[in-house]
Amino acid sequence: MGTARLYASVAASGFRRYATYRIATAAGVFTNTVFGLILAYIFIALWDTKPHLGGYDQAQALSYVWLSQALLMVVAVMGGGFEDELIERIRTGDIAIDLYRPADLQMWWLAQDMGRALFHLMGRGVVPLVCGAFFFDLALPSDPLTWLAFLVAVVLGVAVSFAIRFLVALSAFWLLDGAGVAQLAFIAGIFCSGMLLPLNVFPGVLGEVVRALPWSSLIQAPVDVLLGTADPLSTYASQAAWALGLLTAGRLVQSVATRRVVVQGG
């Protein structure tokens, strides 16, 4: 019970930390809204030319635009979360202090990232979506259970995103500077998450590959659950499998890195 309270406090501190950046949040909301408007008109032109592209009608395609903008920071597609701080702590050697603390390193950062994600969902997710619904005819469901199913997929998406970024950060134990790996993950996230274009419109083998990668859990999977174009249970199973596999890989890498720190410290 004490451990649960510890990580709940860490999550709360992560929420409060990002809540202090009010001007940055307002600027982010403005940016997401403007970018959403640009993408929306591009999608309108595209779907006028090719109706039902990717299995979506135009209202669903526009809903996809605004939902992706709402989730952009929640699932940290472009990074910018805990991983920068963790890489810096590894680079400076401060990570040795973290490893000797009576708290699990992975769970500590996961709790903090969940707090960050909750703030961004409330602080940067709601307003762009409301603006999109005001300007366009969106295909958003009225059933609260569908929204609940969507939120479950979002939580699993955050877990997958964290697991990817945790592995990226741990690479700094061997590379000293994880910027290169972070940049590769950044590019993969933009291209393979559905941030710019639904993965359903990718043709042939390319479409099958990107939909099978873990980044599809970040945006494509939650949006499809909300729009009713994917079965929630099979979506959860795929997301949970990726989260469990990547978190397990992160724990193994953390264990190897911990032994390395202990040996060097000794």
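Note that the coordinates shown come from a computational prediction; the quantities given were computed from them, not determined experimentally.

Q: Help me out: how do you make sense of the packing of helix α4 (residues 82–92) against helix α6 (residues 105–135) in this one?
A: The geometry of a pair of packed helices is captured by two quantities: the angle between their axes and the separation between those axes. Here α4 crosses α6 at 150°, and the two axes come no closer than 10 Å. On the basis of the axis angle, α4 is roughly antiparallel to α6. Contacts between α4 and α6 pair Phe 82, Glu 85, Leu 86 and Arg 89 from the former with Trp 109, Gln 112 and Asp 113 from the latter.

Q: Can you help me understand a nonpolar patch on the surface in this one?
A: Judged by side-chain polarity, Phe 30, Val 34, Phe 35, Ile 38, Ile 42, Leu 46, Leu 196 and Leu 197 come together as a nonpolar surface patch covering roughly 650 Å² of accessible area. Examined against the element boundaries, Phe 35 turns out to sit in helix α2 (residues 22–49). Residue classification places Phe 35 among the partly exposed residues on the basis of a relative accessible area of 30%.

Q: Would you take a moment to explain the nonpolar core for this structure?
A: The nonpolar side chains of soluble globular proteins are, as a tendency, buried together. Among the nonpolar cores identified, the biggest contains 62 residues, and Leu 86 and Ile 219 are the most heavily contacted of them. The leading source of residues in this core is helix α7 (residues 144–170), at eleven residues. Residues contacting Ile 219, with those up to four places away along its chain left out, are Tyr 64, Ser 68, Leu 71, Val 75, Val 77, Ser 193, Gly 194 and Met 195.

Q: What exactly am I supposed to notice about the packing of aromatic side chains here?
A: Two aromatic rings, taken as a pair, are described by how far apart their centres are and by the angle between their planes. Applying the stated criterion to the full structure yields 13 aromatic pairs. Judged by centre distance (5.9 Å) and plane angle (90°), the ring pair of Trp 147 and Phe 150 falls under edge-to-face. In this pair, Trp 147 and Phe 150 both sit in helix α7, three residues apart, roughly one turn of the helix. Judged by its relative accessible area of 26%, Trp 147 falls in the partly exposed class. Since its relative accessible area comes to 6%, Phe 150 is described here as buried. Here the aromatic residues Phe 82, Trp 109, Phe 162 and Phe 166 are joined through ring pairs into a cluster of three or more.

Q: It is not clear to me how the pattern of salt bridges should be interpreted in this structure. Could you clarify?
A: A side chain with one charge may pair with a side chain of the opposite charge, provided their charged atoms come close. Scanning the entire structure with this criterion turns up seven salt bridges. For Asp 104, the salt bridge goes to Arg 251, with nearest N and O atoms at 2.8 Å. On the criterion of sequence distance, the pair formed by Asp 104 in the loop between α5 (95–100) and α6 and Arg 251 in helix α12 (residues 232–265) is long-range, its members being 147 residues apart. Arg 251 sits in the partly exposed class, given a relative accessible area of 35%. For the salt bridge of Asp 113 with Arg 165, the shortest nitrogen-to-oxygen distance reads 2.5 Å.

Q: Quick question: what am I supposed to make of unusual backbone geometry here?
A: Unusually for a residue other than glycine, His 52 sits at a positive phi of about 65°. In this fold, His 52 is placed in the loop between α2 and α3 (58–71). The exposure class assigned to His 52 is exposed, which follows from its relative accessible area of 56%. Positioned with a positive phi, Ala 76 is a non-glycine residue whose angle comes to about 50°. As for its placement among the helices and strands, Ala 76 is situated in the loop between α3 and α4.

Q: It is not clear to me how the side chain of His 120 should be interpreted in this structure. Could you clarify?
A: Along the chain, the position of His 120 falls in helix α6. With near-sequence residues (within four places) excluded, His 120 lies in contact with Tyr 18, Met 73, Val 74 and Gly 125.

Q: Explanation requested: the environment of Leu 148 in the structure shown.
A: As for its position among the elements, Leu 148 is in helix α7. Overall, Leu 148 belongs to the partly exposed group, its relative accessible area being 49%. Measuring from C-alpha to C-alpha, the distance between Leu 148 and Ile 42 comes to 30 Å, with 106 residues separating the pair along the chain.

Q: Where do I start with the environment of Phe 186 in this structure?
A: Within the fold, Phe 186 resides in helix α9 (residues 179–192). A relative accessible area of 26% means that Phe 186 is categorised as partly exposed. Once the C-alpha coordinates of Phe 186 and Ile 95 are considered, the two residues, 91 residues apart in sequence, prove to be 24 Å apart. Ignoring sequence-local partners within four residues, the contact set of Phe 186 consists of Val 77 and Met 78.

Scoring rules and cut-offs
- Residues numbered from 1 in each chain as written.
- Predicted model: local features only at pLDDT ≥ 70, side-chain atom pairs only at ≥ 80, totals over all residues.
- Heavy atoms only, no water.
- Axes fitted to C-alpha atoms, helices over the stretch in contact; angles between N-to-C directions.
- Helix = DSSP H or I, 4+ residues; strand = E, 2+ residues; numbered from the N terminus.
- Parallel < 35°, antiparallel > 145°, perpendicular 65-115°, else oblique.
- Contact = heavy atoms within 4.5 Å.
- Patch = residues over 30% accessible without salt bridge, like charges linked within 9 Å, V, L, I, M, F, W, Y side chains within 5 Å.
- Areas by Shrake-Rupley, 256 points an atom, 1.4 Å probe, with all protein chains shown as cover.
- Salt bridge = Lys/Arg side-chain N within 4 Å of Asp/Glu carboxyl O.
- Buried < 20%, exposed > 50% of the residue type's maximum accessible area, 1.4 Å probe, protein only.
- Core = buried A, V, L, I, M, F, W, Y, C linked by side-chain atoms within 4.5 Å.
- Phe/Tyr/Trp six-rings, centres within 6.5 Å; stacked < 30°, edge-to-face > 60°.

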